[in-house]
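# Observations on the model geometry
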Amino acid sequence: MALHPHCIFQRGTSPIIAAAIHNGHDTRRSVEQRLAIDEDEQQREEDPITGEWTQIAKTQIVGLRSRFEVDLNRPRDKAVYETPADAWGMEVWDTPPDPKMIEASLREYDEFYADVEALLRELIEEHGRIVVYDLHTYNHRREGADAPPADPKHNPEVNIGTGTMDRQFWAPVVDRFIAELRAYDFHGRKLDVRENVKFQGGYFGEWIHSTFPEQACAIAIEFKKFFMDEWEGEADPDEVECIYKALESTLPGVQTALRQL
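For every chain, the first residue of its written sequence is number 1, and the numbers climb from 1 along that sequence. For this predicted model, a pLDDT threshold of at least 70 governs which residues receive local features, and a threshold of 80 or more governs which side-chain atom pairs are given and counted, while totals over whole chains, interfaces and linings are taken from all residues. Note that the side-chain values use all heavy atoms of the structure and ignore hydrogens as well as water.

As named in an unreviewed UniProt entry, the protein chain is N-formylglutamate amidohydrolase, taken from Novipirellula caenicola.

What follows is the structure, encoded as structure tokens:
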């Protein structure tokens, strides 16, 4: 295991990697002193719990820094939120980040991508092809705690983002993953799993696919925050555990599909 201030890398022997790059909540003191948003607002836009879900895989990538310091799922020139337009209209800063602060954040960004590239190259060398479960969550009660949730028609419980990959090439792997997740007995029902409805995948997956187009498949997996109160920040342990088991249930089928490519 490699531990950095901004990320944890756990190296295993399987071709499946689980990543939670928006899991982090920490910020450097110099960043924290300039933030205008309070901790609850900050945490609401992060992806809590995703770090726990990475434990389904032997190889794990878990972000420790808040996306409000550096967003690892955006291109380098957009990785530090400088204006409200960069952050869904939110006033992130009391005092905007200066060049020195941005430079420090981008050093961590560069180190992260260098470390991920080295890790993935090792695993590709070992296995030939690999799959990355790119785990995220998203809000569906943005109008307020007491307001109706967003329309389920446009907000599936699980959004599978495949817009950055060669979908035809990776079809056996992606289709098997979706089928296994849909088939899982989730507290006596089936999860609403749909593809590219809410999100098509972010820069992390795009970078993986451009760097390793036919060696690495990054599946962007976005869970709607039905498993928690997104305003209070409290998660339902039973729902969290059931999501973990649902993800875990997909591993054998995905590995079979990967071997058959």
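Glancing now at the nonpolar core. Grouped together as the largest cluster of nonpolar side chains are 38 residues, with contacts concentrated most on Tyr 133, Phe 177, Ile 219, Ile 221 and Leu 247. At the level of secondary structure, the elements contributing two or more residues to this core comprise β3 (16-20), β5 (130-138), β6 (158-161), α5 (171-183), β8 (216-224), α7 (237-249) and α8 (251-260). By definition in these notes, contact holds between two residues if any of their heavy atoms fall within 4.5 Å. Excluding its chain neighbours within four sequence positions, the residues that come into contact with Tyr 133 are Ile 16, Ile 17, Ala 18, Ala 19, Ile 56, Phe 177, Ile 219, Ile 221, Leu 247, Thr 250, Leu 251 and Val 254. Think of a nonpolar core as a cluster: buried Ala, Val, Leu, Ile, Met, Phe, Trp, Tyr and Cys residues, connected wherever their side-chain atoms sit within 4.5 Å. In this scheme, a residue with accessible area under 20% of its type's maximum is buried, one over 50% is exposed, and one in between is partly exposed, where area comes from a 1.4 Å probe on protein chains only. Phe 9, Ile 61, Leu 120 and Phe 212 belong to the second largest nonpolar core, which has 28 residues in total. Runs of H or I in DSSP of at least four residues are treated as helices and runs of E of at least two as strands, each being numbered from the N terminus.

Moving on to the pairing of β3. Burial analysis of β3 places five of its five residues in the buried class, the great majority of the element. By the bridge criterion, four bridges tie β3 to β5 in an arrangement that is parallel. The partner of Ile 17 across the bridge, within β5, is Val 132. Strands are labelled as partners when DSSP assigns at least two bridges between them.

Further remarks concern a negative patch on the surface. Taken together, Glu 32, Asp 38, Glu 39, Asp 40, Asp 229, Glu 232 and Glu 234 make up a surface patch of like negative charges. The residue Glu 32 is located in helix α1 (residues 29-32) in this model. Here the term patch refers to residues with relative accessible area over 30% and no salt bridge, with like charges joined within 9 Å and nonpolar side chains (Val, Leu, Ile, Met, Phe, Trp, Tyr) within 5 Å. Here the accessible surface of atoms and residues is derived via Shrake-Rupley with a 1.4 Å probe, and residues count as covered only by protein chains that are part of the display. When a carboxyl oxygen of Asp or Glu lies within 4 Å of a side-chain nitrogen of Lys or Arg, that pair is called a salt bridge. Only four residue types enter the charge count, namely Lys and Arg as positive and Asp and Glu as negative; His and the chain termini do not. Working definition for charges: the position is that of NZ of Lys, CZ of Arg, CG of Asp or CD of Glu.

Pairing of aromatic side chains requires ring centres within 6.5 Å, counting the rings of Phe and Tyr and the six-membered ring of Trp. Pairs whose planes differ by under 30 degrees are stacked, by over 60 edge-to-face, and all others tilted. The full count for this structure, using the stated rule, is 18 aromatic pairs. Pairing Phe 112 with Phe 204 gives two aromatic rings, centres 5.9 Å apart and planes at 45 degrees, and the pair type is tilted. Within this pair, whereas Phe 112 is found in helix α4 (residues 99-127), its partner Phe 204 is found in helix α6 (residues 203-211), the two being separated by 92 residues in sequence. As far as burial versus exposure is concerned, Phe 112 and Phe 204 are alike and both buried. Geometrically, the ring pair formed by Tyr 133 and Phe 177 is edge-to-face, given 5.1 Å between the ring centres and 75 degrees between the ring planes. With Tyr 133 in strand β5 and Phe 177 in helix α5, this residue pair connects regions lying 44 residues apart in the sequence. The exposure classification of Tyr 133 matches that of Phe 177, with both residues buried.

Moving on to the packing of α5 against α8. Between N-to-C directions, angles cover 0 to 180 degrees, with each direction set by a line fitted to C-alpha atoms, over the stretch in contact for helices. At a minimum axis distance of 8 Å, the contact between α5 and α8 shows a crossing angle of 165 degrees. Regarding the angle of α5 to α8, the classification is roughly antiparallel. Crossing handedness for the pair α5 and α8: right-handed. Contact residues: Pro 172, Val 173, Arg 176, Phe 177 and Glu 180 in α5; Gly 253, Val 254, Thr 256, Ala 257 and Leu 258 in α8. Residue type decides the class: Asp, Glu, Lys and Arg count as charged, Ala, Val, Leu, Ile, Met, Phe, Trp, Tyr, Cys and Pro as nonpolar, and the leftover types, Gly among them, as polar. A breakdown of the residues in the contact of α5 with α8 according to their chemical character gives six nonpolar, two polar and two charged. When describing relative orientation, an angle under 35 degrees is termed roughly parallel and one over 145 degrees roughly antiparallel, while 65 to 115 degrees is termed roughly perpendicular and anything else oblique. By definition, turning the near helix anticlockwise from the far helix through less than a right angle yields a left-handed crossing, and turning it clockwise yields a right-handed one.

With that settled, the discussion passes to the pairing of strand β4 (residues 59-63). Counting buried positions along β4 gives five out of five residues, so the element sits mostly inside the fold. The alternating pattern of β4 places Thr 59, Ile 61 and Gly 63 on one face and Gln 60 and Val 62 on the opposite face, and all of these are buried. Sheet topology places strand β2 (residues 7-10) next to β4; four bridges connect them, and they run antiparallel. Note that in β4 the partner of Gln 10 across the bridge is Gln 60. Here four bridges tie β3 to β4, and the two strands are oriented parallel to one another. Across the sheet, residue Ala 19 finds its bridge partner in β4, namely Ile 61.

So, on to the environment of Gly 202. Mapped onto the secondary structure, Gly 202 falls in the loop between β7 (193-195) and α6. Taking C-alpha positions, Gly 202 is 8.7 Å from Gly 163, a pair spaced 39 residues apart along the chain.

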